[in-house]
Amino acid sequence: MAPFPNDTDYFGDASRSWMINFRVSDLDAMVEELRASNIDVAVDPESYPNGRFARLHDPEGNPIELWQPKEAEGE
């Protein structure tokens with residue numbers, strides 16, 4: 001866990017100051033399942049040294065991040 005500065009725009013909305021981050025073993029399968037349920041998910045096209053990410057929001061607009069660690073890619 002790492003804190004962000006008070007003025008960060010990482011959460012997408014200045015009124016949001018936190019997010020839930022879920023570790024997943026297969027990001028593509030999770031995104032496919034969510035989209036099949038008509039849930040909007042934005043997949044970051046970049047693969048980072050620590051893995052891949054996708055973002056969605058709960059019904060109240062709070063951000064949720066999905067993270068597939070690098071070591072889980074290709075499993």
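Anyway, here's the lowdown on the structure attached to this text. Bear in mind the structure is a predicted one, so any value in this text is a computation, not a measurement.

The next point concerns a nonpolar patch on the surface. Together, Trp18, Ile20 and Phe22 make up a nonpolar patch on the protein surface, roughly 300 Å² of accessible area in all. For Ile20, the location among the structural elements is in strand 1 (residues 20-23).

Glancing now at the environment of Met19. As for its placement among the helices and strands, Met19 is situated in the segment before strand 1. Each C-alpha atom, one on Met19 and one on His57, is 9.2 Å from the other, the two residues being 38 residues apart in sequence.

The 4 strands are arranged 1-4-3-2 in an open sheet whose pairing can be described as mixed. Either end of the sheet is taken by a strand with one partner, and the two such strands are strand 1 and strand 2 (42-43). Bridge analysis of strand 2 against strand 3 (residues 51-57) gives 2 bridges, and the strand direction is antiparallel. Paired with Val43 across the bridge in strand 3 is Ala54. The sheet strands contacting helix 1 (residues 27-36) are strand 2, strand 3 and strand 4 (63-69), and the helix crosses strand 3 at an angle near 15 degrees.

The next thing to look at is the environment of Phe22. Topologically, Phe22 is positioned in strand 1. Residue Phe22 is classed as partly exposed on the basis of its relative accessible area, which comes to 43%. Those residues in contact with Phe22, other than ones at most four positions away along the chain, are Ile64, Glu65, Leu66 and Trp67.

Next up on the list: the nonpolar core. Soluble, globular proteins show a tendency: their nonpolar side chains are buried together. Judged by nonpolar contacts, Val24, Leu27, Val31, Leu34, Val41, Ala54, Leu56, Ile64 and Leu66 together constitute the single largest core of 9 residues. Only helix 1, strand 3 and strand 4 provide two or more residues apiece to this core. Once residues lying within four places of it in the same chain are set aside, the contact partners of Ala54 are Leu27, Val31, Val41, Ala42, Val43, Asp44, Ile64, Glu65 and Leu66.

Analysis parameters
- Residues numbered from 1 in each chain as written.
- Predicted model: local features only at pLDDT ≥ 70, side-chain atom pairs only at ≥ 80, totals over all residues.
- Heavy atoms only, no water.
- Patch = residues over 30% accessible without salt bridge, like charges linked within 9 Å, V, L, I, M, F, W, Y side chains within 5 Å.
- Areas by Shrake-Rupley, 256 points an atom, 1.4 Å probe, with all protein chains shown as cover.
- Salt bridge = Lys/Arg side-chain N within 4 Å of Asp/Glu carboxyl O.
- Helix = DSSP H or I, 4+ residues; strand = E, 2+ residues; numbered from the N terminus.
- Pairing = 2+ DSSP bridges.
- Contact = heavy atoms within 4.5 Å.
- Axes fitted to C-alpha atoms, helices over the stretch in contact; angles between N-to-C directions.
- Buried < 20%, exposed > 50% of the residue type's maximum accessible area, 1.4 Å probe, protein only.
- Core = buried A, V, L, I, M, F, W, Y, C linked by side-chain atoms within 4.5 Å.

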